[in-house]
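One letter stands for each residue in the lines below.
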Amino acid sequence: MTNLQRLLLEVQGIDLDQNELAVYLAENGLNPHDEYIPSSATNKRNIYKTALSILESIANNVQLMKTYKLDDMTITDFHENLLARIDQLERKIRSMKTDEQERTGNVFMLFNS
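Let me begin by describing the structure that accompanies this report. If you're wondering where the values come from, they're calculated on a predicted model, not measured in any experiment.

About the thresholds
- Residues numbered from 1 in each chain as written.
- Predicted model: local features only at pLDDT ≥ 70, side-chain atom pairs only at ≥ 80, totals over all residues.
- Heavy atoms only, no water.
- Helix = DSSP H or I, 4+ residues; strand = E, 2+ residues; numbered from the N terminus.
- Polar contact = N/O pair within 3.5 Å; in protein donor to acceptor, adjacent residues only side chain to side chain.
- Contact = heavy atoms within 4.5 Å.
- Axes fitted to C-alpha atoms, helices over the stretch in contact; angles between N-to-C directions.
- Parallel < 35°, antiparallel > 145°, perpendicular 65-115°, else oblique.
- Left-handed = near helix turned anticlockwise from the far one by under 90°.
- Nonpolar A, V, L, I, M, F, W, Y, C, P; charged D, E, K, R; others polar.
- Buried < 20%, exposed > 50% of the residue type's maximum accessible area, 1.4 Å probe, protein only.
- Arc of directions from axis to C-beta.

1. A few points about the side chain of Asn46
Then step 1. Locating Asn46 in the fold gives a position in helix α3 (residues 41-59).
Then step 2. Of note is the side chain of Asn46, whose polar atom sits 3.4 Å from the backbone oxygen of Asn28.
Then step 3. Leave out the neighbours within four places in its chain, and Asn46 touches Asn28 and Leu30.

Here is the structure:
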C-alpha cells in the first residue's frame, strides 16, 4: 500500500484529484508513491496531518458554511461535524509520538551532577 492509498482510506468520501492529494502529502513530508510503513509512528502521524490539512481546506469553503432549508428540515450539521472531526484529529496528532520519541522514550532529568 502506498502513502496515497493510505490517505484515501483516511479521507473516504472526499473527492479530490490525485495531483491535489499528492501536493497535500508532499507538504507533510510524504511521497505519494512510497510504500506506507504501518510500523512507523512518523509515517502514520504525517498521514493524519495530511488528512487534517484536507479537512481544514474543506472547512474553509464558504458554500459549506451556509444553512440550507429543505422542506421543514434545516441542514447545518455538516460544518459542525467537520469542525468536530478537525478537533478530534488535532488532539490525536498531538498525542501521537514520532519515531524519534519512541526510541528515546520520555526521560526527564531532575538533577544534574
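2. A few points about the packing of α3 against helix α4 (residues 77-95)
Then step 1. For the pair α3 and α4, interaxial distance at closest approach is 10 Å and the crossing angle is 155°. If you check the angle between α3 and α4, you find them roughly antiparallel. Classified by chirality, the crossing of α4 by α3 is left-handed. Two secondary-structure elements touch here, α3 through Arg45, Tyr48, Lys49, Ala51, Leu52, Leu55, Glu56, Ile58 and Ala59 and α4 through Phe78, His79, Leu82, Leu83, Arg85, Ile86, Leu89, Glu90, Lys92 and Ile93.
Then step 2. Class assignment of the residues belonging to the contact of α3 with α4 gives a composition of 12 nonpolar, one polar and six charged.

3. As for helix α1 (residues 3-10)
Then step 1. What α1 keeps buried is the set Asn3, Leu4, Arg6, Leu7 and Glu10. One face of α1 carries all of its buried residues, which in axial projection span an arc of 160°.
Then step 2. Packed against the buried residues of α1 are α2 (18-27), α3 and α4.

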